[in-house]
Amino acid sequence: MPQDTDAPLRKRTHNLAHDLVTKLSQSILLGQLKPGEKLPSEGAIVQAHGVSRTVVREAISKLQASGLVETRHGIGTFVLAQTGEPGLRLNVDTAAGVRAILELRLGLETQAVALAAQRRSEHQLQQMRQALDDYQRLSNNNDSCVEADRRFHLLIAEATNNACFVEIMQHLGSAMIPRTRVNVAERGQADLSKLAQWANLEHEAIFNAIKRQDPDAARAAMWLHLTNSRDRFGAGA
C-alpha cells in the first residue's frame, strides 16, 4: 500500500496554522487589534511570523469561522466586535458577588499561571513587569490601579499560549477586578488603598515565580493571592 508522503507536511502546516490562530486570537482578545481594524496583509503576516501563505490562509479561515474576523473581497480582513455571552453577565455589585467571582477565578487562574510560568516569553515577562510598575505608581498616587491589575492578569492568560484562557478572561471583563464597584455599605470597613498594597505584594510573588519558570510556586502564589482577596472581602463585608 503506497505511503502518503504529503501527510507530515499537512500535519506541520496544520500545526503552524494553529499556532498562528492562537497568536492572532490573543492579539484580538487583548485589544491589541481593535474592532474595525484591518489585519496586516497576507505578505506582512508571512514575513512577521515566518510562515507560508498557505498557513496564513488556513489561519484566517479559522479566525473567520470563530467569528473574530471577516474578509471583505478586494479590501482585506477586518477585526469584528466581540460581544459577551448573556451567561457571563455576572453580578459584581455586592461583596457576595465579588467572592463568587474570586472562587471562579481560583479554578481558572491557578492553572493559567502554572502554564504561563512554563511558556511565557521574555517579552511577555517585560509586559507583566510594566503592568506591576504601573500598578505600584498608581497606588502610590492614590489613583485607581484596576486597569493595571486587570492587565497583569490578562497578560498571564496570554502567556499560557492558549487562546481559551484569554477569551474567558476577556469575557469576564470588569467583573475580573470588581472591587471598586462594591458599594460602601457592602464593603464595610475595607480600606481599598490597603487592599491594593497587599494585592501588590502578592502580585510580585506571582511575577517572581513566573520569572523563575516555576509552575508549582506560581500556582501556589496565585492561590494565596485569590484566597486572600476573597477573605479580605469576607472580613470587610
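For the structure itself, look to the data block above.
If you're wondering where the values come from, they're calculated on a predicted model, not measured in any experiment. Residue numbers here run from 1 along each chain, matching the order of that chain's written sequence. The predicted nature of this model means local features are confined to residues of pLDDT at least 70 and side-chain atom pairs, given and counted, to a pLDDT of 80 or more, with totals for whole chains, interfaces and linings taken over all residues. Heavy atoms from the whole structure form the basis of all side-chain values; hydrogens and water molecules are not counted.

Chemist: Lay out the overall build of the protein chain with the relevant residues and their values.
Modeler: Helix numbering and strand numbering both begin at the N terminus, where a helix is a DSSP run of H or I of at least 4 residues and a strand a DSSP run of E of at least 2. Looking only at helices and strands, the protein chain has ten helices and two strands in total. Of the regular secondary structure in the protein chain, the N- to C-terminal order runs α-α-α-β-β-α-α-α-α-α-α-α. Note on exposure labels: buried denotes an accessible area under 20% of the residue type's maximum, exposed denotes more than 50%, and partly exposed covers the range between, all computed with a 1.4 Å probe on protein chains only. Here the protein chain, with 237 residues, has 43% of them falling under the buried criterion. Taking the contacts inside the protein chain whose residues are at least 6 apart along the sequence as the reference set, 73% of them involve residues at least 24 apart. Methods summary: accessible areas were calculated by the Shrake-Rupley approach with a probe of 1.4 Å, and residue burial reflects only the protein chains presented. Carbon and sulfur atoms form 51% of the exposed surface of the protein chain, whose accessible area is close to 12,700 Å². It only takes one pair of heavy atoms within 4.5 Å for two residues to be counted as in contact.

Chemist: Hey, could you go over the nonpolar core for me, with residue numbers and the actual values?
Modeler: Take the buried Ala, Val, Leu, Ile, Met, Phe, Trp, Tyr and Cys residues and link them wherever side-chain atoms come within 4.5 Å; each set so joined is a nonpolar core. In terms of nonpolar packing, the biggest core is built from 29 residues, with Leu-20, Val-56 and Leu-63 touching the most fellow members. Mapped by element, the contributors of at least two residues to this core are α1 (7-29), α2 (42-49), α3 (53-65), α4 (95-119), α6 (146-159) and α7 (163-172). Looking at this core element by element, the count peaks at six residues for α1. Contacts of Leu-63, omitting those with residues within four sequence positions, involve Val-21, Leu-24, Ser-25, Leu-68 and Val-69. Leu-102, Ala-117, Phe-152 and Ile-206 belong to the second largest nonpolar core, which has 22 residues in total.

Chemist: Please provide a residue-by-residue account of the environment of Leu-108, values included.
Modeler: Relative to the helices and strands, Leu-108 resides in helix α4. Judged by its relative accessible area of 14%, Leu-108 falls in the buried class. As a C-alpha pair, Leu-108 and Phe-165 span 57 residues in sequence and 7.9 Å in three-dimensional space. Among residues more than four places away in sequence, those in contact with Leu-108 are Phe-165, Ile-168 and Met-169.

Chemist: Could you give me a rundown of the packing of helix α5 (residues 122-140) against α6, with the residues and numbers involved?
Modeler: Here the axes come from fitting lines to C-alpha atoms, over the contacting stretch only for helices, and the angles between their N-to-C directions go from 0 to 180 degrees. Contact geometry for α5 and α6: axes closest at 8 Å, N-to-C directions at 165°. Considering the angle they form, α5 stands roughly antiparallel to α6. Taken as a pair, α5 and α6 cross one another with a handedness that is left-handed. Between α5, through Gln-124, Gln-127, Met-128, Gln-130, Ala-131, Leu-132, Asp-134, Tyr-135 and Leu-138, and α6, the contact on the second element is made entirely by Ala-148, Asp-149, Arg-151, Phe-152, Leu-155, Ile-156, Glu-158 and Ala-159. These descriptions rest on fixed angle ranges, namely under 35 degrees for roughly parallel, over 145 for roughly antiparallel, 65 to 115 for roughly perpendicular, and the rest for oblique. Rotating anticlockwise by less than a right angle from the far helix to the near helix defines a left-handed crossing, while the corresponding clockwise rotation defines a right-handed one.

Chemist: Which residues make up the pairing of strand β1 (residues 69-72), and what are the values?
Modeler: Should DSSP find at least two bridges between two strands, the strands are taken to pair. Of the strand pairs in this sheet, β1 and strand β2 (residues 76-79) are connected by four bridges, and their pairing is antiparallel. Along β2, the bridge assignment pairs Val-69 with Val-79. What sits between the antiparallel neighbours β1 and β2 is a turn of three residues, in which Gly-74 has the positive phi angle 80°.

Chemist: Residue-level account of the packing of aromatic side chains, with values.
Modeler: Between rings of Phe, Tyr and Trp, where Trp is taken as its six-membered ring, a pair exists when centres lie within 6.5 Å; planes separated by under 30 degrees are stacked, by over 60 edge-to-face, and by other angles tilted. Applying the stated rule across the entire model yields zero aromatic pairs. Should the NZ of a Lys or the CZ of an Arg lie within 6 Å of a ring centre and within 35 degrees of the ring normal, that charge is described as sitting over the ring. Of note, Arg-72 hangs over the ring of Phe-78, and the distance from its end group to the ring centre comes to 4.0 Å. The ring of Phe-207 has Arg-129 sitting right over it, with the charged end atom 4.8 Å from the ring centre.

Chemist: Could you give me a rundown of the pattern of salt bridges, with the residues and numbers involved?
Modeler: Salt bridges are counted wherever a side-chain nitrogen of Lys or Arg sits within 4 Å of a carboxyl oxygen of Asp or Glu. Tallying each qualifying case throughout the model produces eleven salt bridges. Note that Arg-53 is salt-bridged to Glu-42, the shortest N-O span being 2.9 Å. Of the two residues, Arg-53 is situated in helix α3 and Glu-42 in helix α2; the sequence distance between them amounts to eleven residues. Residue classification places Glu-42 among the partly exposed residues on the basis of a relative accessible area of 25%.

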